Amino acid sequence: IVLLGRSAGGQLALCAAYEHADPSVRGVAAFYAPNDLVYAYSRPSNPRIMDSRAVISAYMGGPPDKAAALYTRASPLEMVGPKTPPTFLLHGLRDELVWKVHSERLEERLRSAGRPGYFLRLPWATHGCDYNLSGPCGQLTLYAMERFLSAVTR
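Residues numbered from 1 in each chain as written. Predicted model: local features only at pLDDT ≥ 70, side-chain atom pairs only at ≥ 80, totals over all residues. Heavy atoms only, no water.

Q: Describe the sheet that holds strand β4 (residues 117-122), listing the residues and the values that go with them.
A: Spatially, β1-β2-β3-β4 is the arrangement adopted by the four strands of the open sheet, whose pairing is parallel. Edge strands, defined here as strands with exactly one partner in the open sheet, are β1 (2-6) and β4. The mean inter-strand angle of the sheet, taken between neighbouring strand axes irrespective of direction, is 10°. As paired elements, strand β2 (residues 27-31) and strand β3 (residues 87-92) share four bridges and run parallel to each other. Directly across from Ala 30, in β3, lies its bridge partner Leu 89. Its contacts with the sheet put helix α5 (residues 101-112) on β3 and β4, and the angle it makes with β3 is roughly 155°. (Pairing = 2+ DSSP bridges. Helix = DSSP H or I, 4+ residues; strand = E, 2+ residues; numbered from the N terminus. Axes fitted to C-alpha atoms, helices over the stretch in contact; angles between N-to-C directions. Contact = heavy atoms within 4.5 Å.)

Pasting the structure below:
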């Protein structure tokens, strides 16, 4: 099994893959996902795009000071350990909805834990850049995902 999710779905895929460290999960891919919900709440996205604080607060049942344990439990960054499966991260560096630092910090946490990870940075890309599979981001994403899937499912 390899899990995949985009944006909030990426956060859910990472949580599912990391929380139980089930050996049948051979890998996880997260595209432009928020990996630390306390960080996401404290550094909201561009308000012209979305009120991310309100969205996160509704999702978590309140702000971090009222639901600290839930925020930690829903943050894949906090779950990285010795059995974390190989992880593929993709993030557009011009993403104003989920800041690129989420993937950068998770990549560093994986490296510190000695866990395999690959981070595809797309300097010109924004949130949801892979939606058009025929476009540059879609083509690069498909190519990288094929290689990732091949590597983790051998």
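Q: Hey, could you go over α5 for me, with residue numbers and the actual values?
A: When the terminal C-alpha atoms of α5 are compared, their 16 Å separation across twelve residues agrees well with the 16 Å that a helix rising 1.5 Å per residue should span. Of the residues making up α5, those classed as buried are Val 101, His 102, Ser 103, Leu 106, Glu 107 and Leu 110. On its buried face, α5 is in contact with α1 (8-20), α2 (37-42), β3 and β4. Of the residues one or two after α5, Gly 114 is the one with positive phi, at around 70°. (Expected span 1.5 Å × (residues − 1). Buried < 20%, exposed > 50% of the residue type's maximum accessible area, 1.4 Å probe, protein only.)

Q: Outline helix α3 (residues 52-60), supporting the account with residue identities and numerical values.
A: Along an α-helix, residues three or four apart share an orientation, since each turn contains 3.6 residues. Listed as buried for α3 are Ser 52, Ile 56, Ser 57 and Met 60. The buried residues of α3 occupy an angular sector of 130° when projected down its axis, which confines them to one face. Considering only its buried residues, α3 is in contact with α2 and α4 (68-73). Once α3 ends, the next one or two residues include Gly 61, with phi positive near 80°. (Arc of directions from axis to C-beta.)

Q: Run through the pairing of β1, naming residues and quoting values.
A: Examined bridge by bridge, β1 and β2 share five bridges and lie parallel to one another. Following the sheet pairing, Gly 5 is matched in β2 by Ala 30. The handedness of the β1 to β2 crossover, carried by α1, is right-handed. (Right-handed = clockwise from strand over helix to strand, strands pointing away.)

Q: Help me get a handle on the side chain of Asp 95, residues and values and all.
A: Among the secondary structure elements, Asp 95 is positioned in the loop between β3 and α5. For the buried Asp 95, no salt bridge exists, and the shortest N-O distance to an oppositely charged side chain is 10 Å, to Arg 94. Polar side-chain contacts of Asp 95 include one of 2.8 Å to the side chain of His 127. If we ignore the near neighbours within four places in the chain, the residues touching Asp 95 are Tyr 32, Ala 125, Thr 126 and His 127. (Lys, Arg positive; Asp, Glu negative; His and termini not counted. Salt bridge = Lys/Arg side-chain N within 4 Å of Asp/Glu carboxyl O. Polar contact = N/O pair within 3.5 Å; in protein donor to acceptor, adjacent residues only side chain to side chain.)

Q: Could you give me a rundown of the pattern of salt bridges, with the residues and numbers involved?
A: Scanning the model with the defined rule gives eight salt bridges in all. Connected through salt bridges with shared partners, the residues Glu 107, Glu 108, Arg 111 and Arg 121 form a single ionic network.

Q: Can you explain the packing of aromatic side chains? Please cite residues and give values.
A: Under the defined criterion, the tally for this structure stands at five aromatic pairs. Ring geometry for Phe 31 against Tyr 32: centres 6.3 Å apart, planes inclined by 50°, an arrangement best described as tilted. Considered together, Phe 31 and Tyr 32 belong to a single accessibility category, that of buried residues. Taken together, a centroid distance of 5.7 Å and an interplanar angle of 10° make the contact between Phe 88 and Tyr 118 stacked. One end of the pair, Phe 88, is in strand β3; the other, Tyr 118, is in strand β4, with 30 residues separating them in the sequence. Here the aromatic cluster, defined as three or more aromatic residues joined through ring pairs, consists of Phe 31, Tyr 32, Phe 88, Tyr 118 and Phe 148. Directly above the ring of Tyr 143 sits Arg 147, whose terminal nitrogen or CZ lies 3.8 Å from the centroid. (Phe/Tyr/Trp six-rings, centres within 6.5 Å; stacked < 30°, edge-to-face > 60°. Lys NZ or Arg CZ within 6 Å of the ring centre and 35° of its normal.)

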